[in-house]
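Tertiary structure, described
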Amino acid sequence: AARRTATASVRTGRASTGGHAVRRYGTRFARAHNLNGTSGSSQPIARTSTQSAGVGIRNVWISWSDGGAISHSVTPAASTTYTANFTTQYLLTTNVSPAGGGSITASLSSASGYYDSGTPVQLSATPAANCTFVSWAGGLSGNTNPQILAMSAPQTVTANFQCTASPLTSFVTGFALNSPPQRND
């Protein structure tokens with residue numbers, strides 16, 4: 001996985017955050033800036049756990065170089081650099097065509113749909129009743145099933161199915177003309 005860093009130097013001088021926000025005394029710094037601190041005095045540093053880095057891209061905090069929590073105070077005796085380590089994640093979006101024609105299963109489950117950079121994700125297309133898998137489109141191509149997709153950027157993948165009958169879709173309906181009493185039997 002791609003590991004990146006943001007640096008905050010707790011001293012008088014410039015600190016580069018590499019474009020990733022670091023907080024000090026509640027102020028968000030995203031560019032080089034001066035951090036004025038007295039040697040031996042307590043200085044708060046913090047970072048948000050997840051930061052957007054563009055459409056379908058986010059940076060997730062892993063650790064500080066001193067082993068401190070995401071938000072903590074440091075007491076440097078001299079000019080000191082504290083580095084926030086994080087990983088880049090990319091969004092995987094899946095679709096099926098036609099709707100209800102089947103499903104796509106990822107070998108690695110992700111509740112958010114985001115995966116660490118470089119993660120290989122195996123995608124399997126499973127047809128619904130009366131349907132057959134035909135091909136992949138988007139981030140994958142061809143008709144080999146399953147296939148592995150390396151998450152090196154945000155990806156959208158579509159599994160195309162051919163159906164001999166209209167795919168079934170789940171729905172609930174109810175209709176009554178004369179408002180009959182509800183039954184519970």
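Description of the structure in this document. Not measured: the values here are computed from a predicted model. (Residues numbered from 1 in each chain as written. Predicted model: local features only at pLDDT ≥ 70, side-chain atom pairs only at ≥ 80, totals over all residues. Heavy atoms only, no water.)

Re the environment of Trp 64
The topology assignment puts Trp 64 in strand S8 (residues 57-64). In this structure the C-alpha to C-alpha distance between Trp 64 and Ala 46, which are 18 residues apart in sequence, comes to 9.2 Å. (Helix = DSSP H or I, 4+ residues; strand = E, 2+ residues; numbered from the N terminus.)

Looking at the nonpolar core
Grouped together as the largest cluster of nonpolar side chains are 16 residues, with contacts concentrated most on Leu 92, Leu 123, Trp 136, Leu 149, Met 151, Val 157 and Ala 159. Elements supplying a minimum of two residues to this core: strand S10 (80-97), strand S13 (120-127), strand S14 (131-138) and strand S16 (155-163). With sequence-adjacent residues up to four places away left out, Leu 92 is seen in contact with Gly 113, Tyr 115, Val 121, Leu 123, Leu 149, Met 151, Gln 155 and Val 157. Membership of the second largest hydrophobic core comes to six residues, among which are Trp 61, Trp 64, Val 74 and Ala 84. (Core = buried A, V, L, I, M, F, W, Y, C linked by side-chain atoms within 4.5 Å. Buried < 20%, exposed > 50% of the residue type's maximum accessible area, 1.4 Å probe, protein only. Contact = heavy atoms within 4.5 Å.)

A word on the packing of aromatic side chains
One pass over the full model with this rule turns up two aromatic pairs. For the ring pair Phe 133 and Phe 161, a centre distance of 5.9 Å and an interplane angle of 70° mean the geometry is edge-to-face. With Phe 133 in strand S14 and Phe 161 in strand S16, the pair connects residues that are 28 residues apart, well separated along the chain. For Phe 161, a relative accessible area of 7% corresponds to the buried category. Taken together, the aromatic side chains of Phe 133, Trp 136 and Phe 161 make up a single cluster linked through ring pairs. Above the face of the Tyr 114 ring, Arg 58 is positioned so that its terminal group lies 4.1 Å from the ring centre. (Phe/Tyr/Trp six-rings, centres within 6.5 Å; stacked < 30°, edge-to-face > 60°. Lys NZ or Arg CZ within 6 Å of the ring centre and 35° of its normal.)

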